[in-house]
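The chain contents come next:
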Amino acid sequence: MLQSMAERISVEQVAHVARLSRLRLTGEELERFASQMAAVLDHAADVASLDLEQVLPTSHPLPLVNVLRADQPGPTLSQQEVLAAAPEAVDGRFSVPSILAEAP
Amino acid sequence: MTTAADIAGSVRSGQCSAVDVATAHLDRIDQLDRSLHCFLSVDRSGALGEAELVDRAVAAGRDPGPLAGVPVALKDNLCTRGTPTTCASRILDGWVPPYDATVVELLRRAGAVVVGKTNMDEFAMGSSTEHSAFGPTCNPHDPSRVPGGSSGGSAAAVASGMAALALGSDTGGSIRQPAALCGVVGLKPTYGMVSRYGLVAFASSLDQIGPFATSVADAALMLEVIAGHDPRDSTSIPSSPAAVLARLSDGVQGVRVGVVDELVEGASAEVVSAVSSAAEALAKAGASVESTRIPACRLGLSAYYLLAPAEASSNLARYDGVRYGLRVDGPDVEAMNVATRTAGFGDEVKRRIMLGTFALSSGYYDAYYGQAQKARTVVLDAFAAAYERFDLLLGATAPTTAFPLGDRTADPMSMYLSDVFTIPSNLAGHPAVSVPWTTGGDGLPVAVQLLGPALAEPLVLRAASVVEASAPGVPPPCGDFLPSDGTRSALPRQAVGSGSDGLPREGPA
Amino acid sequence: MSDVTTGSEWEVVVGLEVHVELRTATKLFCSCPNSFGDVPNTNVCPVCLGLPGSLPVLNSRAVEMAATVGLALNARVQPSRFHRKNYFYPDMPKDYQISQYDLPICAAGWLDLPDGHRVGVERAHLEEDTGKSTHLGGGGRLHGSDGSLVDYNRAGVPLVEVVSAPDIRSAEQARSYVAELRSILVATGVSDGRMEEGSLRVDANVSVRRRGGTLGTRCEIKNLNSLRSLGRAIEHDAARQVAVVESGRQVSQETRHWNEEGGHTVPLRSKEEAFDYRYFPEPDLVPVEPPGELLDRLASEMPPLPAERRRRLIDLASEGRQPSRAAEDQVATVVDLGLDDLVLGAASRGASTRLALARAANEAATDPSAARGLSVESFAKLVSMEDSGRLSATQAKAVLARMLGEGGSPEQIAASLGYEALDPSQLSAAVETVLATNGAEWQRFVDGDEKVAGFFVGQVMRVTGGKADGRAVRQVLAQRRLDSLAP
Ligand SMILES: [Mg+2]
Ligand SMILES: [Zn+2]
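Values in this document were obtained by computation on a predicted structure and should not be read as measured data.

Reading guide: rules and limits
Residues numbered from 1 in each chain as written. Chains lettered and ligands numbered in written order. Predicted model: local features only at pLDDT ≥ 70, side-chain atom pairs only at ≥ 80, totals over all residues. Heavy atoms only, no water. Donors = N, O, S within 2.8 Å, 3.2 Å for Na, K, Ca; no water. Tetrahedral: all angles 85-135°; square planar, octahedral: opposite > 155°, others 65-115°. Buried < 20%, exposed > 50% of the residue type's maximum accessible area, 1.4 Å probe, protein only. Contact = heavy atoms within 4.5 Å. Buried area = accessible area lost by both parts, 1.4 Å probe. Salt bridge = Lys/Arg side-chain N within 4 Å of Asp/Glu carboxyl O. Polar contact = N/O pair within 3.5 Å; in protein donor to acceptor, adjacent residues only side chain to side chain. Helix = DSSP H or I, 4+ residues; strand = E, 2+ residues; numbered from the N terminus. Nonpolar A, V, L, I, M, F, W, Y, C, P; charged D, E, K, R; others polar. Pairing = 2+ DSSP bridges. Core = buried A, V, L, I, M, F, W, Y, C linked by side-chain atoms within 4.5 Å. Phe/Tyr/Trp six-rings, centres within 6.5 Å; stacked < 30°, edge-to-face > 60°. Lys NZ or Arg CZ within 6 Å of the ring centre and 35° of its normal.

(A) Seen up close, the coordination of the zinc ion (ligand 2). Residues and elements named next belong to chain C. Those protein atoms acting as donors to the zinc ion (ligand 2) are C30 (SG), C32 (SG), C45 (SG) and C48 (SG), and they sit at 2.3 to 2.4 Å. Between the four donor atoms coordinating the zinc ion (ligand 2), the angles at the centre fall across 98 to 117°, so the site counts as tetrahedral. Residue classification places C45 among the buried positions, given a relative accessible area of 8%. C48 gets classed as buried once you look at its relative accessible area, which sits at 6%.

Structure, rendered in structure tokens:
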């Protein structure tokens, strides 16, 4: 059981997804989360092991298509309403610390 | 207990004033909620203001609507213009939405009076309301037990008479399971029946808003108010919903009911016996009742715990400290994002974000997320086949009665298993209702669940009425919940309304 | 500008991704105005700010425009759906971009360059734009800045991303592809085509290979906001890649930024960790299946595209002969600036196509928006006045400038400028005066030296104060020569 859990997700993989998720975990948290996530993935083994080659994926329970709106302008928020929530704002804009990397 | 329909009737006819009704409920909140902690914020003056408008409308001879003066509690993941919406998370610290959710607009238009915002598992992730950043809610039937979750605050508020109706959201059972554990009616409508606009997303393809009520008729009344097409929600069903209330007492003569083994297996003895008693009651009322198997239901839990976290990992990316809510400073934007999210989210939310990120990540997508989407198809197909033979399905709502606070928090998997009977309906997008049956040996409520195909709310609620009428019933929780022995004083909690800024106060934990 | 690879054993292989801002009235998923030169953070709402609880609803006009782009690019317009592209960035309100991934609305088209080279279009898909960051300190650049300010007015503006196949083989072809694509987008009304203002944003995927060899590693070059930058960046990076390979090293796959002032590309500073976008179907939206009737309607509403418009004008101007390179260039300019209807209109009113084309491509082109506002009648009249000798070329140009600047009819302007046409007797008198004082030159002309005609035209112009028409002068000179040679 422990063996299979370790195979499902390693501490390194948890550290990787934490980075992708912009979360920082302590060493203790990494270990704990790794084993908890492994338990869920172990439970999911029944799904992962099914032969569903011929089955189409469902991403939505409702079979709707073409839900569209007319290209007509509607109300907007005021700058004051928008920035009321801002942790920091300067000159009508949201202020953030320096951006190190360009957008991908 | 007075029903919402009674309240609305009295207010509309001028027999009693909405302000008096609101005051009585607000006073009850003042009295009880220090012990139960159902609410994250209570807007006394706002509620009294709304009630006064209702009274004025009545005085002026106008009809304030079908929920005139009915005190309503809202789960704190429903956006309310001008009052905080926290999702029970520190990450939304200080955020006040500049808009109302569609359901909130509809409730106000129907004359309802919003008394407050209720506690929940953070971002609706949990089955016990213990994963709230502001401390857990207690079960009114036994304050040492959980109310279920994630809409535990709404369920407990209705069960304890602090609100006549409440709204919750149900992604994997978050309305039905706490309704079962608190002894009230909880309905998850068909996906798309109720607009999600203004519901803070957990897992968008599964989330659905629905009512908590003390009776099936009240749940139907609330459903009629909140259901309907909303052009702001692309996943909203375009047709108008069928009337539910008018045919609520039409009975179940000739209705084919399947009792699903997989939705009972593993449940405690008293839960199993409640389901068979409910089945007998339906049969006695003229339904043809048969036991059946839907093995695909077993896949539900696994598929759900891959799909819901995957969607959540994306839905919760926006809480990055840039535009609203908490910001914890850092030397650069990425460090600020990391510091904010690390401080702002609780462990359960972090676990699910990471689990979902993993399920979607390169190299694992096909094996986990992709496979879970296919398993969802299998569940849908299995229900479709079942509904060729049956009009309705019957099972348990939750495997056990309310469990002790702290019992399952250390083992997420044991917590997740609380949703095993409710998740399949979310995957299928089908309606399902939890109806209280009786109290078990420990004095805690036991419930049964009725499931139907998409848009079958009228029939599901008709059958629920039959079950309700035959049920031994759950007596309202009695007494005074103020701590007397000091054993629960260690629980983190907040004093409702104590914040002069109206923001929820953090407990001593 | 010459290609580094021209005539060498190396070949450059380019694929282009062009992001086009659609000229809808509102954003892609909300009803905020699609307009971002305004006061910061005013054209925003809960949806485009990504506020908790908000939901997207797709703009039908954006779908129509994307389908129009597909039809114009000979693509298959097909059932499509949206995905979420997940990455954190402060100008992206939800920290994911709603885009199309496995099922783009347009697939498998092509675009023919004016020289006949066909470039495949792999796909064109709909997606939302991001907000705009202003960097504080560090000279306004990202690197070395102290912080940034974000305006979300642009967030959610509809984009169509047109992805070409790697069929482009030179910087010149790349420029030609973008210029032609831009003309098509302007012609169909989906874009204003203003590259410098960001309405059209080009990323170039560049690799080099020995002719006939296997494809090298490609680099993606960003920040190409003019045709000039595009050409220079491709040439520069191709040369860089050739140098890397020839020195025995390997080109590393990376994203590079074009530095216009420095005239070189630099690698983008990005995280060592590769991006993992974790695409998955957008659960808040439903699939889009453009119905056949819609596509029929869009096809029927499709205006003539630049290639067709060029062909029409060339046919008219060349009158069945092989068109000159100059005429082709004039036609290209006129079509590019949307002045072809002016020329065609003038021609249909009997004006000289050749002369109308020249005036449109040379003079009217200096102020295209004013030129597009000219009345066809006035323009046709002006061209006819010049053609008939009523106005000299110099005068016609001056009158046209006035028409563009202030408006008015060519007759009135000509009169107000004192451009009285010389009557034939005045012209003859002027010619006689000039001939009388230039006997030697006259003899050379009579002997057959045609070049001297230009000299006489100039002299007559001087004598008449520019009122004479050069062609009329030449006609008089020719007649005089015939007369003098007559027995
Ligand atoms: Mg793109
Ligand atoms: Zn907007």
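(B) A look at the interface of chain A and chain C. Taken together, the contact pairs 40 residues of chain A with 62 residues of chain C. Roughly 4200 Å² is buried in total at the junction of chain A and chain C, and carbon and sulfur atoms are behind 60% of that figure. Considering only the side of chain A, the residues that lose the most area to chain C are R69, E102 and P104 of chain A, jointly responsible for 19% of the buried surface there. The interface formed by chain A and chain C includes zero salt bridges. Scanning the region where chain A abuts chain C turns up 19 residue pairs in polar contact (both at pLDDT 80 or more). Elements with a contribution of two residues or more to the side of chain A that touches chain C: helix 2 (11-20), strand 1 (68-69), helix 5 (79-84) and strand 3 (93-97) of chain A. For the side of chain A that touches chain C, the residue count by class is 20 nonpolar, 13 polar and seven charged. By the bridge criterion, four bridges tie strand 3 of chain A to strand 9 (residues 147-151) of chain C in an arrangement that is antiparallel.

(C) The arrangement of the sheet that holds strand 2 (residues 89-90) of chain A in detail. Ordered in space as 2(A)-3(A)-9(C)-8(C), the four strands form an open sheet in which the pairing is antiparallel. With partners counted over all chains shown, the strands left at the sheet margins are strand 2 of chain A together with strand 8 (132-136) of chain C, one partner each.

(D) How the structure looks around the nonpolar core. Of all hydrophobic cores here, the largest spans 280 residues; its most connected members are F123 of chain B together with Y177 of chain C. Tallying contributions element by element places helix 12 (residues 366-389) of chain B first for this core, with 10 residues. Once you skip the residues sitting within four places of it in the chain, F123 of chain B turns out to touch C87, S89, I91, L92, V200, F202, L316, Y319, F345 and V349 of chain B. Core analysis: the second largest hydrophobic core is formed by 34 residues, A317, V334, L400 and M403 of chain C among them.

(E) Seen up close, the coordination of the magnesium ion (ligand 1). Residues and elements named next belong to chain C. Surrounding the magnesium ion (ligand 1) are the protein donor atoms E127 (OE), E127 (OE) and E161 (OE), at 2.0 to 2.6 Å. With E127 in strand 7 (residues 118-128) and E161 in strand 10 (residues 158-164), this pair connects stretches of sequence that are 34 residues apart. The exposure class of E161 is buried, given its relative accessible area of 9%.

(F) Region of the structure containing the pattern of salt bridges. All names here are of chain C. Counted under the stated rule, the structure contains 67 salt bridges over all chains. Of the charged contacts, one joins R444 and D449 as a salt bridge, the two residues approaching to 3.4 Å between their closest N and O atoms. On the basis of relative accessible area, R444 is assigned to the partly exposed category, the value being 45%. Accessibility expressed as a relative area gives 23% for D449, which makes it partly exposed.

(G) Highlighting the environment of R309 of chain C. Residues and elements named next belong to chain C. Checked against the element boundaries, R309 lands in helix 5 (residues 306-318). Judged by relative accessible area, R309 falls into the buried class, the value being 13%. Counting along the chain gives 35 residues from R309 to L344, while the straight-line C-alpha distance between them is 9.9 Å. When sequence neighbours within four positions are dropped, the list of residues in contact with R309 reads A187, P304, V335, G338 and D340.

(H) View of the packing of aromatic side chains. Applying the stated criterion across every chain, the model contains 22 aromatic pairs over all chains. Judged by centre distance (3.9 Å) and plane angle (10°), the rings of Y305 of chain B and Y416 of chain B are stacked. Of this pair, Y305 of chain B sits in helix 9 (residues 300-315) while Y416 of chain B sits in helix 13 (residues 412-416), placing them 111 residues apart in sequence. Exposure remark for Y305 of chain B: the relative accessible area of 2% places this residue in the buried category. Overall, the relative accessible area of 2% leaves Y416 of chain B in the buried class. Plain terms: the ring middles of Y365 of chain B and Y369 of chain B are 5.1 Å apart, the flat faces sit at 50° to each other, and that makes the pair tilted. Among the residues examined, Y365 of chain B registers a relative accessible area of 22% and is labelled partly exposed. Three or more aromatic residues joined by ring pairs make a cluster, and in this case those are W95, F123, Y319, Y324 and F345 of chain B. The residue whose ring lies beneath R408 of chain B is F403 of chain B, and the NZ or CZ to ring-centre distance is 3.8 Å. Taking the ring centre of Y277 of chain C as reference, the NZ or CZ of K85 of chain C above it sits at 4.5 Å.

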